Amino acid sequence: EQEHFPIAEPDPIEFLDHVMESRGLTRKDMEAYIGPRGRVADILNRTRPLTLEMIRRLADGLQLPADVLIRPYQLRERRAALLSV
């Protein structure tokens, strides 16, 4: 099965979105693990990467696999994100 139907590695931000939705967590709930409201927004909007400290807090506090959270993922350019708002 793995040879013919490989499962793609999850994107860290999509994984966080899924965890939040499945556990009924809000962005406010994520402040304990990621930081202030603006930082949570930056992370979930892909304008700032997760730091090692954030990954540790998420892994410990929410019992998430750190190996998924440390994977590289695409960021949006901050300037482009600000212009589109």
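Definitions and cut-offs
Residues numbered from 1 in each chain as written. Predicted model: local features only at pLDDT ≥ 70, side-chain atom pairs only at ≥ 80, totals over all residues. Heavy atoms only, no water. Core = buried A, V, L, I, M, F, W, Y, C linked by side-chain atoms within 4.5 Å. Buried < 20%, exposed > 50% of the residue type's maximum accessible area, 1.4 Å probe, protein only. Helix = DSSP H or I, 4+ residues; strand = E, 2+ residues; numbered from the N terminus. Contact = heavy atoms within 4.5 Å. Polar contact = N/O pair within 3.5 Å; in protein donor to acceptor, adjacent residues only side chain to side chain. Salt bridge = Lys/Arg side-chain N within 4 Å of Asp/Glu carboxyl O. Axes fitted to C-alpha atoms, helices over the stretch in contact; angles between N-to-C directions. Nonpolar A, V, L, I, M, F, W, Y, C, P; charged D, E, K, R; others polar.

A. Representation of the nonpolar core. Counting residues in each nonpolar core, the largest one holds 20 residues, and the members touching the most others are Leu16, Met30, Ile34, Leu50, Leu58, Leu64 and Leu69. Secondary-structure elements contributing two or more residues to this core are helix H1 (12–23), helix H2 (27–34), helix H3 (37–44), helix H4 (52–62) and helix H5 (66–69). Ranked by residue count, the leading element in this core is H1, at five residues. Once residues lying within four places of it in the same chain are set aside, the contact partners of Ile34 are Arg39, Val40, Ile43, Met54, Arg57 and Leu58.

B. Spotlight on the side chain of Arg46. Assignment of secondary structure puts Arg46 in the loop between H3 and H4. One polar contact links the side chain of Arg46 to the main-chain carbonyl oxygen of Gln74, over a distance of 3.2 Å. In this view, Arg46 contacts Asp11, Ile13, Glu14, Tyr73, Gln74, Leu75 and Arg76; residues no more than four positions away in its chain are not counted.

C. Inspection of the pattern of salt bridges at higher detail. In this structure the tally under the stated criterion is five salt bridges. Close ionic contact of Asp11 with Arg46 constitutes a salt bridge, the shortest N to O distance being 2.6 Å. With Asp11 in the segment before H1 and Arg46 in the loop between H3 and H4, this residue pair connects regions lying 35 residues apart in the sequence. The same class applies to Asp11 and to Arg46, which are both buried. Lys28 serves as the salt-bridge partner of Glu31, at 3.7 Å between the closest nitrogen and oxygen. Placement of both Glu31 and Lys28 in helix H2 is noted, with a separation of three residues, approximately one turn of the helix. Classification of Lys28 as exposed rests on a relative accessible area of 59%.

D. Spotlight on the packing of H2 against H4. Viewed as axis vectors pointing N to C, H2 and H4 meet at an angle of 115°, and their least axial separation amounts to 8 Å. Taken together, the residues of H4 that come into contact with H2 (itself represented by Met30, Ala32, Tyr33 and Ile34) are Met54, Arg57, Leu58, Gly61 and Leu62. Across the contact of H2 with H4, the residue classes break down as seven nonpolar, one polar and one charged.

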